[in-house]
Structure formats: C-alpha cells, structure tokens
Amino acid sequence: MTKEELLSKKEYGFSDLVEIMKMLRAPDGCPWDREQTHQSIRRDLLEETYELIEGIDKDDAEILREELGDLFHLIVIVMGYERDAYFNLFALLFTKPFL
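Caption draft 1: Structural detail: the overall build of the protein chain. If you tally the helices and strands in the protein chain, you get six helices and zero strands. Its helices and strands taken in sequence order, the protein chain reads α-α-α-α-α-α from the N to the C terminus. Within the span of the protein chain, comprising 99 residues, buried residues form 24% of the whole. Taking contacts inside the protein chain between residues at least 6 apart in sequence as the whole, the part at least 24 apart equals 41%. Accessible surface, the protein chain: about 7400 Å² in total, of which carbon and sulfur atoms supply 59%.

Here you go:
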C-alpha cells in the first residue's frame, strides 16, 4: 500500500497501523523512528504517560487524543509489530482472566 492510499482512507484498522510503522521504520522513513529501541524510548514512555494523565486530570479531549496517539506509537514500537512481532496483541489481551 502506498502512502497516498493509506492517507486517503476514511477508516483505519490495526493492520494500517502496522503499515504506518513499517513506513516510518523503513530506510527512507523517519530517522527518529528507525533508531528507536526498547531502551531508547523508556524516558519517552514515562513522559507521554504523565502527559496523558495531565489530559485526564484536566478532562481535556484534545490533550487526551494527542497523548494517546503518542503513547500508542511508542507501545507499538515496543511490541515490535513493524519488525518481528515480538508480541501478539490479541495474546496480550487474552491474559485477562475474564476473557
């Protein structure tokens, strides 16, 4: 899927997120995304989590939307979906005892 095709969609699913991450981490993608590792994003994970909590405390939908996006981006990097799929999202969800 091309960048233009992806950006022209009206709705997105999880597979689209994986495609976006592949684009960002590709050789001609985003330099920052390409160099990130689990260790390198530790500080960013904490910072984005605190910023998300600030949005919750302020009941500010705009902050929540922005910070959830930033945090989810980092979580997907940790999960490794754009590379070797270290974790299966659904396997993680099904660790809940009530499912």
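What follows continues from the structure just given.
Caption draft 2: Structural context of the nonpolar core. Counting six residues, the largest nonpolar core consists of Leu17, Met21, Ile41, Leu74, Val76 and Ile77. Of all the secondary structure elements, the ones that give two or more residues to this core are helix H2 (14-25) and helix H5 (61-79). Counting residues per element, this core draws most heavily on H5, which supplies three residues. Setting aside anything within four residues of it in sequence, one finds Leu17 in contact with Phe72 and Val76.

Caption draft 3: Spotlight on the pattern of salt bridges. Here the structure, examined in full by the defined rule, presents three salt bridges. Across the pair Lys22 and Glu19 runs a salt bridge, and its minimum N-O distance is 3.7 Å. Taken as a pair, Lys22 and Glu19 lie in helix H2 at a separation of three residues, close to a single helical turn. For Glu54, the salt bridge is made with Lys58, and the minimal N-O distance between the two is 2.8 Å. In this pair, Glu54 and Lys58 both sit in helix H4 (residues 42-58), four residues apart, roughly one turn of the helix. Here Glu54 falls in the partly exposed class, since its relative accessible area comes to 35%. For Lys58, a relative accessible area of 52% translates into the label exposed.

Analysis parameters
- Residues numbered from 1 in each chain as written.
- Predicted model: local features only at pLDDT ≥ 70, side-chain atom pairs only at ≥ 80, totals over all residues.
- Heavy atoms only, no water.
- Helix = DSSP H or I, 4+ residues; strand = E, 2+ residues; numbered from the N terminus.
- Buried < 20%, exposed > 50% of the residue type's maximum accessible area, 1.4 Å probe, protein only.
- Contact = heavy atoms within 4.5 Å.
- Areas by Shrake-Rupley, 256 points an atom, 1.4 Å probe, with all protein chains shown as cover.
- Core = buried A, V, L, I, M, F, W, Y, C linked by side-chain atoms within 4.5 Å.
- Salt bridge = Lys/Arg side-chain N within 4 Å of Asp/Glu carboxyl O.

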